[in-house]
Amino acid sequence: MRLSLGFALPSTLPSTSSSTHSTLRCCTLTQLINLNRKSIENQPLKKWERLLDPVDIEPIPSWFPAPARRPVKLGNRWMEYQGVRNWEGMLDPLDDNLREEILRYGHFVEAAYKSFDFDPSSPAYATCRFPKSTLLERSGLPETGYRLTKHLRATSGIQLPRWIEKAPSWVATQSSWIGYVAVCHDKDEITRLGRRDVVIAFRGTATCLEWLENLRATLGHLPNIDSDKSPKGHGPMVESGFWSLYTSGTTMGLSLQDMVREEIKRLLQSYGDEPLSLTITGHSLGAALAILSAYDIKTTFKCAPLVTVISFGGPRVGNRSFRQHLEKQGTKVLRIVNSDDLITKVPGFVIDGDNEVANNKDVNVSSLPGWIQKRVEETQLAYAEVGRELKLSSKDSPYLNSINVASCHELKTYLHLVNGFVSSSCPFRATAKRLLSNHSR
């Protein structure tokens with residue numbers, strides 16, 4: 001399915017006054033058309049038509065402006081953009097530099113999708129289509145300043161019945177390529193970022209067994225956790241299927257957990273004496289794996305640098321005690337959420353009375369009597385949201401013609417909404433560009 005979100009723009013605009021330009025940041029499409037109608041009346045139609053791409057274009061003014069921003073030097077403020085202060089004052093309105101950083105990490109997730117072989121008839125199904133040396137370039141990111149250092153695979157722990165051997169091989173694909181690790185090596189980019197950055201990027205659900213793991217929604221206790229309990233008597237717990245994909249391995253290959261630990265250990269030994277950040281990003285299932293990876297890295301490496309998660313359209317991952325452990329260890333999580341995306345509202349129920357997201361319209365039981373909350377917790381379906389939330393909505397965009405369960409969850413929709421969001425009082429800026437990717441599930 002293809003959702004048209006892209007359009008070409010002219011490099012110059014009809015002349016407008018400075019007061020007009022100040023208005024362009026936040027106004028509706030209709031207001032913008034009326035505002036500039038006189039300025040384009042005498043423009044030859046063909047002059048503007050030839051600047052448009054007829055394949056992905058939808059009827060909009062050809063002079064419609066797009067932001068022309070160069071990458072900003074973060075310098076000494078890089079830790080603020082990585083969430084050291086929990087992005088206070090940066091989300092509403094959305095800081096322009098933070099917007100660019102969120103989009104930049106979103107493109108790393110796009111690269112993971114574009115590099116995955118989705119064709120079940122292919123002998124290379126569920127593997128990476130590109131080698132490390134050219135993956136970023138061949139997936140549309142030629143000049144990131146990053147270099148791939150590790151391919152990552154996830155393995156399902158589901159025990160399959162013997163009769164499954166008679167089914168097509170793609171049905172029982174147990175281990176699949178899930179993402180990669182990349183390190184910033186370009187000196188100019190390191191200077192711009194204010195540190196050397198390590199990115200771990202995960203794609204979303206793709207194989208049959210990954211879908212089955214997603215459905216294992218009950219919470220399970222994390223191993224090797226000390227016996228101290230939360231006030232309500234429950235230690236940290238996470239969704240069983242996500243943890244299975246993160247920790248399961250085969251006789252022929254390591255688990256995703258072991259691969260992440262092995263690579264982070266190597267990178268810390270190589271770059272641990274310089275300013276360093278670990279940024280873990282993912283979409284959907286990949287967002288859940290990003291949070292589990294961040295938790296595991298901070299638990300395993302006591303001297304780990306600042307670890308930040310940028311998640312897109314992620315489901316819930318763990319209970320309140322798990323969230324408290326994340327906060328205690330200093331893991332920073334920024335969840336990009338489309339309020340029209342069903343996946344961000346599952347699994348389970350929210351018992352989260354001390355968290356800002358408990359007051360939204362999602363299913364939560366924090367206001368119910370204690371005995372009901374206790375019964376819900378006993379079902380092992382009592383989840384808690386983690387980190388800070390940047391809430392967006394497909395309904396705020398004038399460019400999304402189709403708003404349904406699938407389109408609201410697609411990564412390209414998330415990138416489009418991030419690009420357009422201004423603030424809760426001005427949800428979509430008129431100068432937003434529409435982002436198009438055919439591989440962003």
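Residues numbered from 1 in each chain as written. Predicted model: local features only at pLDDT ≥ 70, side-chain atom pairs only at ≥ 80, totals over all residues. Heavy atoms only, no water.

(A) Just the overall build of the chain, in detail. Summing up its helical and strand segments, the chain has 15 helices and eleven strands in all. Here the chain holds 441 residues, and 54% of them are scored as buried. Residue pairs in contact within the chain that sit at least 24 positions apart in sequence constitute 76% of those at least 6 positions apart. With the model as given, the accessible surface of the chain reaches about 20,500 Å², and the carbon-plus-sulfur share is 52%. (Helix = DSSP H or I, 4+ residues; strand = E, 2+ residues; numbered from the N terminus. Buried < 20%, exposed > 50% of the residue type's maximum accessible area, 1.4 Å probe, protein only. Contact = heavy atoms within 4.5 Å. Areas by Shrake-Rupley, 256 points an atom, 1.4 Å probe, with all protein chains shown as cover.)

(B) Up close: the pairing of strand β6 (residues 276–283). Most of β6 sits inside the fold, with eight of its eight residues counted as buried. Of the two faces of β6, the one holding L276, L278, I280 and G282 and the one holding S277, T279, T281 and H283 are both buried throughout. When strand β3 (residues 196–202) meets β6, the two strands line up parallel, connected through seven bridges. Bridged to R196 within β6 is L276. A crossover connection joins β6 to the parallel strand β7 (residues 306–312) through helix α11 (residues 285–300); in handedness this β-α-β unit is right-handed. (Pairing = 2+ DSSP bridges. Right-handed = clockwise from strand over helix to strand, strands pointing away.)

(C) Molecular detail of the sheet that holds β7. Ordered by their spatial adjacency, seven strands build an open sheet running β1-β2-β3-β6-β7-β8-β11, and the pairing between neighbours is mixed. At either end of the open sheet lies a strand with only one pairing partner, and these are β1 (146–155) and β11 (388–392). For this sheet, the mean inter-axis angle between neighbouring strands, taken without regard to orientation, is 15 degrees. Taken together, the nine bridges between β1 and strand β2 (residues 175–184) define a ladder with antiparallel strand orientation. For R153, the partnering residue across the bridge sits in β2 and is W177. (Axes fitted to C-alpha atoms, helices over the stretch in contact; angles between N-to-C directions.)

(D) Representation of α11 within the structure. Helix length check: α11 (16 residues) gives 22 Å between terminal C-alpha atoms against 22 Å at 1.5 Å per residue, within 8%. Burial analysis of α11 places 14 of its 16 residues in the buried class, which makes it a mostly covered element. (Expected span 1.5 Å × (residues − 1).)

(E) The arrangement of the packing of helix α5 (residues 96–115) against helix α15 (residues 411–420) in detail. Axis separation between α5 and α15 bottoms out at 10 Å; the angle between their running directions is 165 degrees. Taken together, the axis directions place α5 and α15 in an arrangement best described as roughly antiparallel. Where α5 crosses over α15, the two elements pack in a sense that is left-handed. In contact with R99, I102, L103, G106, H107, V109, E110 and Y113 of α5, α15 contributes L411, L415, V418, N419 and G420. (Parallel < 35°, antiparallel > 145°, perpendicular 65-115°, else oblique. Left-handed = near helix turned anticlockwise from the far one by under 90°.)

(F) Seen up close, unusual backbone geometry. With omega at 5 degrees, the peptide bond leading from D92 into P93 counts as cis. With respect to the helices and strands, the residue P93 is situated in the loop between α4 (78–81) and α5. Its identity as a non-glycine residue notwithstanding, S284 has a phi of 60 degrees, on the positive side. A residue is classified by how much of its surface remains accessible, and S284, at 10% relative accessible area, is buried.

(G) Highlighting the side chain of S423. On the secondary structure map, S423 appears in the segment after α15. Among the residues examined, S423 registers a relative accessible area of 8% and is labelled buried. In contact with S423, other than residues within four places in its own chain, are D92 and P93.

(H) The arrangement of helix α12 (residues 320–329) in detail. Among the residues of α12, S321, F322, R323 and L326 are the ones counted as buried. Next to the buried residues of α12 lie β5 (237–239) and α11. Taken from the residues just after α12, G330 is the one with a positive phi, measuring 90 degrees.

(I) The arrangement of the pattern of salt bridges in detail. Per the counting criterion, the structure on display carries 21 salt bridges. Note that R216 and E213 form a salt bridge whose closest N and O atoms lie 2.8 Å from each other. One salt bridge connects E410 with K412, and the closest N-O pair in it is separated by 3.9 Å. The same class applies to E410 as to K412, namely buried. Through salt bridges with shared partners, one network takes in R316, R335, E385, E389 and K391. (Salt bridge = Lys/Arg side-chain N within 4 Å of Asp/Glu carboxyl O.)

(J) Broad picture of the packing of helix α10 (residues 256–271) against α11. Between α10 and α11, the least distance of the axes is 10 Å, while the angle of their chain directions is 55 degrees. Overall, the two elements α10 and α11 adopt an arrangement that is oblique. In terms of crossing hand, the pair formed by α10 and α11 is right-handed. Residues L256, Q257, V260, R261 and I264 of α10 pack against L289, S293, D296, I297 and T300 of α11. By residue class, the composition of the contact of α10 with α11 is five nonpolar, three polar and two charged. (Nonpolar A, V, L, I, M, F, W, Y, C, P; charged D, E, K, R; others polar.)

(K) Looking closely at the packing of aromatic side chains. On inspection of all chains with the given rule, the structure shows six aromatic pairs. With 4.9 Å between their ring centres and 65 degrees between their planes, F108 and Y146 make a pair best called edge-to-face. Taken together, the residues F108 in helix α5 and Y146 in strand β1 connect sequence positions 38 residues apart. Judged by its relative accessible area of 1%, F108 is buried. Ring pairs connect the aromatic residues Y105, F108 and Y146, which therefore count as one cluster. One cation-aromatic arrangement involves R104 over Y105; the distance from NZ or CZ to the ring centre is 4.6 Å. Above the ring of F116, the side-chain terminus of R203 is found at 4.1 Å from the ring centroid. (Phe/Tyr/Trp six-rings, centres within 6.5 Å; stacked < 30°, edge-to-face > 60°. Lys NZ or Arg CZ within 6 Å of the ring centre and 35° of its normal.)

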